[in-house]
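The chain contents come next:
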Amino acid sequence: GLIASNTIQTPNEYRPEISGVLDNKIGRTIIDPSLTVIAQPKLTHFQGQRLLGSFEVDSEGVMPSDELVLVDKGVLKELLNDRTITDTSQRANGHADGPGVIKITSHKTAERGVMKKRLIDMVNAEGLDYGLLVDDDLGGRMGVANVYKVYPNGKEELFRFARISRLSIRSLRKIEMVSNALSVHHLQSGGSQLCSFIVPESLLLEDMDFEPLRIPFFKEETYVESPLKRSIQSRSRH
């Protein structure tokens, strides 16, 4: 969502092909005021890890700055852009191939134990039966995460039939706190370009949408019956 739109506007300043464009929100608060988002495309290592998305010059020959503040304390300051300029507020800032390296920080940080205690306090304050803890450290299982019920006494119970819905910028409008530990994730953007994200390991959100986890179920009859099974049944009848 932090990539500038290169679609030329219609006379009434409407881009029919694109939804959710943030071009007109520069200078406005788009996420929680505790969050800051910075592009650092030339950063090659973080905490001993190689950042696969780092680059010196983009494919259009534009050299990005060492650091570009995209969101400052929740306020949108800048968008990633290539040489295609469709608005007077845009400038070529060397990101024709994607973000490169993005770092997200916050001033509302805490350790995991403190975050869990705060979750329990929120559950009690709202009179809820439990809160939800999502652990997505599953090594790439097609986006499926472990979801746990967290009861007021601190007990955790696996919630087998729930999954988190798709996140968006709106999901980050209000954050209670984030982990003080940062981790590195490498993701592929639109083309073949890799992007490296340095982000907090955990977020504590007041509200989140979940949906049922629907696992395909096949009856035995939907599979090809084993010839060996038919042979055994025939022998038993004789």
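These numbers were taken from a predicted model, which means no experiment stands behind them.

1. As for the sheet that holds strand β13 (residues 182–188)
Step number 1: If you walk across this open sheet you meet the 6 strands as β5-β4-β1-β6-β14-β13, and the pairing is mixed. The outermost strands of the open sheet, each flanked by one partner alone, are β5 (75–76) and β13.
Step number 2: Across 2 bridges, the pairing between strand β4 (residues 68–72) and β5 is antiparallel. Directly across from Asp72, in β5, lies its bridge partner Val75.

2. Quick look at the packing of aromatic side chains
Step number 1: Counted under the stated rule, the structure contains 2 aromatic pairs.
Step number 2: Between Tyr130 and Tyr151, the aromatic rings sit 5.9 Å apart at their centres with planes inclined by 70 degrees, giving edge-to-face as the arrangement. Separated by 21 residues along the polypeptide, Tyr130 in the loop between α1 (112–126) and β8 (131–135) and Tyr151 in the loop between β9 (146–150) and β10 (156–158) bring together distant segments of the chain.
Step number 3: With relative accessibility at 28%, the residue Tyr130 sits in the partly exposed group.

Analysis parameters
- Within any chain, residue numbers begin from 1 and follow the written order of that chain's sequence.
- Selection of residues for local features in this predicted model requires a pLDDT of at least 70, selection of side-chain atom pairs for listing and counting requires 80 or more, and totals for whole chains, interfaces and linings are taken over all residues.
- To get the side-chain values, take all heavy atoms of the structure and skip hydrogens and water.
- Here, a strand pair is defined by DSSP locating no fewer than two bridges between the strands.
- Put simply, DSSP H or I for four residues or longer makes a helix, DSSP E for two residues or longer makes a strand, and each gets a number counted from the N terminus.
- Under the pairing criterion, centres of Phe, Tyr and Trp rings, with the six-membered ring standing for Trp, must be within 6.5 Å; the plane angle then separates stacked pairs below 30 degrees from edge-to-face pairs above 60, leaving the rest tilted.
- Think of it in three bands: with a 1.4 Å probe and only protein chains considered, a residue is buried below 20% of the maximum accessible area for its type, exposed above 50%, and partly exposed in between.

These figures capture arrangement, not role.
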